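Listed here are the chains, written in short residue letters.
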Amino acid sequence: SQQGEEDPQALSIQEGENATMNCSYKTSINNLQWYRQNSGRGLVHLILIRSNEREKHSGRLRVTLDTSKKSSSLLITASRAADTASYFCATDGGGGADGLTFGKGTHLIIQP
Amino acid sequence: DTAVSQTPKYLVTQMGNDKSIKCEQNLGHDTMYWYKQDSKKFLKIMFSYNNKELIINETVPNRFSPKSPDKAHLNLHINSLELGDSAVYFCASSQVRGELFFGEGSRLTVL
């Protein structure tokens, strides 16, 4: 069954604005990760936040995690046209070598 | 050097045929995966291999079979292709509980 659910499904903003995407999940997790997928390309890892962390930063990215609400958010500040892509959250809830469970993604369009 | 490479990038074939997609990683990772991405971009894990042992099989039809000749390779064989198999298939690798490194995808079209 699908674990992560991103919200919104699509988001269009002007270049320079901030973009916020949300992710909800259903079961307990070890960590939550965000990935970006450009059109026709593979997914690229952006950031990982562990279940005992509440916030993490990487460049223009800020991720928060609220395990009590089973939700996470990804904030991209000062957006650029090159940020146009689909963004997925993925949860690692299993043990050993279990794979990640991905949400349906948010398609972000940055208008120049 | 490409970290995770998969071939072919595009594959067009007729229903009922058998096809394979190859994947190789040069990252020294212990685990490799196959994911299927449908037309709505939903990603579903199909298999993972850790040290040549199948870890996950997410209710995938037995027409799909992963084959791993060594730790750096995980190939996907598909028998008796059906229209519903049309999708983009991604290979990925990772260390245990680490980030996934994805290949560029193989777009399979079944006619």
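Residues numbered from 1 in each chain as written. Chains lettered and ligands numbered in written order. Predicted model: local features only at pLDDT ≥ 70, side-chain atom pairs only at ≥ 80, totals over all residues. Heavy atoms only, no water.

Engineer: I'd like to hear about the interface of chain B and chain A, residue by residue, with values.
Structural biologist: Every contact between the two is made by 22 residues of chain B and, on the other side, 25 residues of chain A. Both sides together, the interface formed by chain B and chain A hides about 1,800 Å², and carbon and sulfur atoms give 52% of it. Linking chain B with chain A are one salt bridge, by the criterion used here. Here R41 of chain A makes a salt bridge to E104 of chain B, at a shortest N to O gap of 2.3 Å. Along the contact surface separating chain B from chain A lie six residue pairs in polar contact (both at pLDDT 80 or more). The set of elements that each furnish at least two residues to the side of chain B that touches chain A consists of β4 (31-37), β5 (43-50) and β6 (53-57) of chain B. In terms of residue class, the side of chain B that touches chain A is built from 11 nonpolar, six polar and five charged. (Contact = heavy atoms within 4.5 Å. Buried area = accessible area lost by both parts, 1.4 Å probe. Salt bridge = Lys/Arg side-chain N within 4 Å of Asp/Glu carboxyl O. Polar contact = N/O pair within 3.5 Å; in protein donor to acceptor, adjacent residues only side chain to side chain. Helix = DSSP H or I, 4+ residues; strand = E, 2+ residues; numbered from the N terminus. Nonpolar A, V, L, I, M, F, W, Y, C, P; charged D, E, K, R; others polar.)

Engineer: Could you give an account of the state of the cysteines, naming the residues involved and the relevant values?
Structural biologist: All names here are of chain A. Enumeration over the complete set of coordinates arrives at two disulfides over all chains. Each disulfide pairs two cysteine sulfurs, and for C23 the partner residue is C89, the sulfurs being separated by 2.0 Å. The disulfide joining C23 to C89 has a torsion of about 65° about its S-S bond and is therefore right-handed. Here the residue C23 occupies a position in strand β3 (residues 19-24), and C89 occupies one in strand β9 (residues 85-92), the gap between them amounting to 66 residues. Each member of the pair, C23 together with C89, is buried. (Disulfide = S-S within 2.5 Å. Buried < 20%, exposed > 50% of the residue type's maximum accessible area, 1.4 Å probe, protein only.)

Engineer: So what's going on with the environment of I78 of chain B? Which residues, and what values?
Structural biologist: Residues and elements named next belong to chain B. Assignment of secondary structure puts I78 in strand β8 (residues 73-78). Taking the C-alpha atoms as reference, I78 lies 4.6 Å from F64; in sequence the two are 14 residues apart. Setting aside chain neighbours within four positions, we find I78 in contact with N17, D18, K19, R63, F64, D85 and L108.

Engineer: So what's going on with the pairing of β4 of chain B? Residues and values would help.
Structural biologist: Residue and element names in this part refer to chain B. Of all seven residues in β4, six are buried, a share of seventy percent or more. Pairing between β4 and β5: seven bridges, direction antiparallel. Paired with M32 across the strands is Y49, a residue of β5. Connecting β4 to the antiparallel partner β5 that follows it, the hairpin turn spans five residues, and K41 within it adopts a positive phi of roughly 70°. In terms of strand pairing, β4 meets strand β9 (residues 87-94) through seven bridges, oriented antiparallel. Residue pairing for β9: K36 is matched across the bridge by Y89. (Pairing = 2+ DSSP bridges.)

Engineer: How would you sum up the sheet that holds strand β8 (residues 71-76) of chain A? Please name residues and give values.
Structural biologist: All names here are of chain A. Overall, antiparallel pairing links the five strands, which are arranged β1-β3-β8-β7-β6 in an open sheet. The two strands at the open ends of the sheet, each matched to only one other strand, are β1 (5-7) and β6 (55-58). Averaged over all adjacent pairs, the angle separating strand axes in this sheet is 20°, with direction ignored. (Axes fitted to C-alpha atoms, helices over the stretch in contact; angles between N-to-C directions.)

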